[in-house]
Amino acid sequence: MHFITEGFKTAFFLIFTLNREVFEIVIFTLKVSFWGTLLSALFGVPIGFYIGIKEFPGKSIVQTVLNTLMALPTVVVGLTVYAFISRQGPLGEWGLLFTPSAVIIGQWILATPLICALTISATKSVDKKVGATALTLGANAIQESTTILKEARFALFAAIIAGFGRVIAEVGAAMMLGGNIRGYTRTMTTAIALETSKGEFGFGLALGFILMVIALGINLFFTYFQRRK
Amino acid sequence: MIDHLIIDNQYLVLEKIHHYYKQKDVLNIPSLIFDRGKVYALVGPNGAGKTTLLFIIGLLLKPTSGRILYRGKEITEGDSKELRGKITMIFQDPILFNSTVKDNVEYGLKIQKVKSSDRKRKAEKCLEMVGLQGFAERRARELSSGEAQRVAIARALAIHPEILLLDEPTANVDEVNTRILEEIIQGLIKDRETTVIFSTHNHNQAFRLADEMITLMDGKIVPFTPENIFKGKTVQDGEDTWFDTGRIKIYIPVKGEAKAIFIDPRDILISLTPFSSSARNCFAGSIEGVMVNGGWVKIQVDAGEHLRVMITQKSFFEMGLNIGMKVYLTFKSSAVRVF
């Protein structure tokens, strides 16, 4: 019990003294998670939207695959990307392994199926008459799509937030692809894993708190955004 | 070719329109012409094809076969820049976008890249037309169904369409809103610039508002007023074929399957005693309603089914008919049209 209370004390000390290393890790994590989520949204939203509104052969198979990929283990993603970008892999020449870019690639692959699948649900939840109404009021195909996306905006926003939540909280891919290099590719989750294994419980706890505060902040922002509608 | 028919203001022509749904021919329109500035009522029971026809005219549904001509130019394929916003449809349960009433009414104008100040002015004018001045900043999704229907009309009128399609505009609204919506349609009639095509179940409304009535039954245009239309099934008894409505059995002139029949009210004889003739259909019933229409009188008789008969005013008075009286209805099997 003693080490837990000591851990809490250390955690609060590190946070309130604005410990440089802790906040460097936090900023790095936010950066890579932002870019990973942005890339995933850029791919996942249009693809999900297309799948949501179009009928094509094999649509249900695609959806099943996407739903399965939503639960893709992070270490499997790490392993697969590792195979491609390691020195002996087909993209080894690019020198991506153990760089922030590698972490972003892993996060992108992790979050895209989730954002895509949730975008499909968001698009399907919009009444089909929205598109028809837009068309009948003179919209072209792009304006029709924009109108449907606008109607689904809250669900789409939730999809992107869910994607961000997935990447900021994952540890497997970031560890395998980033290598947990201090001051370079260390994320909050990899740092928590490392520091806890070293017995530095307070450091891990401090990062854990911050991670929770970020999650809370995002949820509060989302709630505010929804109420503003 | 039907192009030679496009004269003066006949500017929307449907030619040999067929539409199949699940391999069933749900719409079969050999030819239909709409004039500019007229009001048309599409009348018929549920499943008659009214909404499908409106969707096809509104270019939201491509017919399986056939052509749509607008000002002599084929537009069947739908998406063309010059057509956008000229044919506008308002659905039975119109969708308002999840924003303010003003944003909804201005939607089409934004698409047309109309200046903000002009948009605002036009939106206010259109909201005034539908009696919703002061509603601009209200959330569209918080309106009643009648108000929502009126906003949808204001939104459509804002872009000044040449053809306005309304799918059962008064089906889900209360009496007050029905009256307001009918006044709006009547306002458009006076305007004579917009062709209005609306579907309805309500014959009185169709009579009141429309210049012309188009009656649909099982996807086909029925040439007469849609009275005495009955659904049911055919029953074969030796050489005789009956049509069983579930309440009465009517002799019909053809063998084989039929889903519905129609008897022109003018083809039914009404008498105070059984009428002796070769006509095979004879039913006893009592008069339950009388409506004078010009020189004619329409009589509704409960003879198992509610049958409507049309006779001259002279005959009506000579026979001394009145509500509640027992009468006999007689008509030939050849008077029964089968679908």
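Residues numbered from 1 in each chain as written. Chains lettered and ligands numbered in written order. Predicted model: local features only at pLDDT ≥ 70, side-chain atom pairs only at ≥ 80, totals over all residues.

Tallying secondary structure elements over chain A gives eleven helices and zero strands in all. Going residue by residue from the N terminus, the α and β elements of chain A occur as α-α-α-α-α-α-α-α-α-α-α. Reported as C-alpha extents along the three principal axes, the dimensions of chain A are approximately 65 × 50 × 25 Å. Considering chain A as a whole, with its 229 residues, one finds that 39% of them fall into the buried category. The contacts of chain A with a sequence gap of at least 6 include a subset with a gap of at least 24, amounting to 77%. (Helix = DSSP H or I, 4+ residues; strand = E, 2+ residues; numbered from the N terminus. Buried ≥ 20, exposed ≤ 12 C-beta atoms within 10 Å, placed from the backbone. Contact = placed C-beta atoms within 7 Å.)

This next bit is on the interface of chain A and chain B. Opposite the 14 residues of chain A that make contact, chain B presents 16 residues. Of all the secondary structure elements, the ones that give two or more residues to the side of chain A that touches chain B are α6 (128-136) and α7 (141-151) of chain A. Ranked by residues supplied to the side of chain A that touches chain B, first place goes to α6 of chain A with six residues. Counted by class, the side of chain A that touches chain B contains five nonpolar, six polar and three charged residues. (Nonpolar A, V, L, I, M, F, W, Y, C, P; charged D, E, K, R; others polar.)

This part covers helix α4 (residues 74-85) of chain A. All names here are of chain A. For α4, which comprises twelve residues, the first-to-last C-alpha distance of 16 Å matches the rise-based estimate of 16 Å (1.5 Å per residue) to within 8%. Looking only at α4, the buried set comprises T74, V77, G78, V81 and I85. For α4, the angular spread of the buried residues around the axis is 100 degrees, confining them to a single face. Those residues of α4 hidden inside the fold are in contact with α5 (100-124) and α9 (172-178). (Expected span 1.5 Å × (residues − 1). Arc of directions from axis to C-beta.)

All names here are of chain B. The alternating pattern of strand β6 (residues 87-90) places I87 and M89 and T88 and I90 on opposite faces, both of which are buried. Relative to strand β7 (residues 163-166), β6 runs parallel, the two being bridged by four bridges. Bridge pairing links M89 to L165 in β7. (Pairing = 2+ DSSP bridges.)

Residue and element names in this part refer to chain B. Under the domain assignment used here, chain B contains domain 1 (3-222) and domain 2 (229-338). The gap between the C-alpha centroids of domain 1 and domain 2 is 36 Å. Taken together, the contact pairs four residues of domain 1 with four residues of domain 2. (Domains from an automatic or database assignment.)

All names here are of chain B. Looking at the secondary structure, you find Q149 in helix α4 (residues 145-158). Through-space distance from the C-alpha of Q149 to that of N177 is 8.7 Å; in sequence the pair is 28 residues apart. Ignoring any residue separated from it by four or fewer positions in sequence, one finds Q149 in contact with P94, P169, V173, N177 and L181.

Further remarks concern the sheet that holds strand β11 (residues 229-231) of chain B. The strands making up a sheet associate through backbone hydrogen bonding, with each pair oriented either parallel or antiparallel. Residues and elements named next belong to chain B. Across the sheet, three strands lie side by side as β11-β15-β21; this open sheet has antiparallel pairing. Strands at the two margins of the open sheet, each flanked by one partner only, are β11 and β21 (336-338). With strand direction ignored, the average angle separating the axes of adjacent strands in the sheet is 25 degrees. Relative to strand β15 (residues 260-263), β11 runs antiparallel, the two being bridged by three bridges. Bridge pairing in β15 links I229 to F262. (Axes fitted to C-alpha atoms, helices over the stretch in contact; angles between N-to-C directions.)

Residues and elements named next belong to chain B. In the predicted model, chain B carries a mean pLDDT of 86, and 92% of its residues have values of at least 70. Taking the mean pLDDT of every element in chain B, the minimum, 71, falls on helix α6 (residues 203-209) and the maximum, 95, on helix α2 (residues 101-111). Model confidence for the complex: the whole-complex pTM is 0.72, and ipTM, which rates the interface, is 0.76. (pLDDT = per-residue confidence, 0-100.)

All names here are of chain A. The N-to-C vectors of α4 and α5 enclose an angle of 130 degrees; their axes lie 10 Å apart at closest approach. Relative to α5, the element α4 lies oblique. α5 is crossed by α4, and the crossing has right-handed handedness. Residue-level inspection shows T74, V77, G78, V81 and I85 of α4 in contact with α5, the latter providing A102, I105, G106, I109 and L110. Partitioned by chemical class, the residues of the contact of α4 with α5 number seven nonpolar, three polar and no charged. (Parallel < 35°, antiparallel > 145°, perpendicular 65-115°, else oblique. Left-handed = near helix turned anticlockwise from the far one by under 90°.)

The next subject is unusual backbone geometry. Phi is positive for N180 of chain A, which is not a glycine, with a value near 55 degrees. Within the secondary structure, N180 of chain A is located in the loop between α9 and α10 (188-198). Here N180 of chain A falls in the partly exposed class, since 19 other C-beta atoms lie within 10 Å of it. Within the chain, K16 of chain B stands out as a residue other than glycine whose phi angle is a positive 50 degrees. Take K16 of chain B: it is sitting in strand β1 (residues 10-21). Of the residues examined, K16 of chain B has 13 C-beta atoms within 10 Å and is grouped as partly exposed.

Right, let's talk about the nonpolar core for a bit. In this structure, A41, L42, V151, A154 and I197 of chain B are the most contacted members of the largest nonpolar core, which totals 88 residues. Of all the elements, α4 of chain B adds the most residues to this core, at eight residues. Every residue in contact with V151 of chain B, bar those within four places of it in the chain, is listed here: L96, V101, N104, V105, L132, A140 and L143 of chain B. Grouped together as the second largest cluster of nonpolar side chains are 53 residues, I25, V26, A41 and A111 of chain A included. (Core = buried A, V, L, I, M, F, W, Y, C linked by C-beta atoms within 7 Å.)

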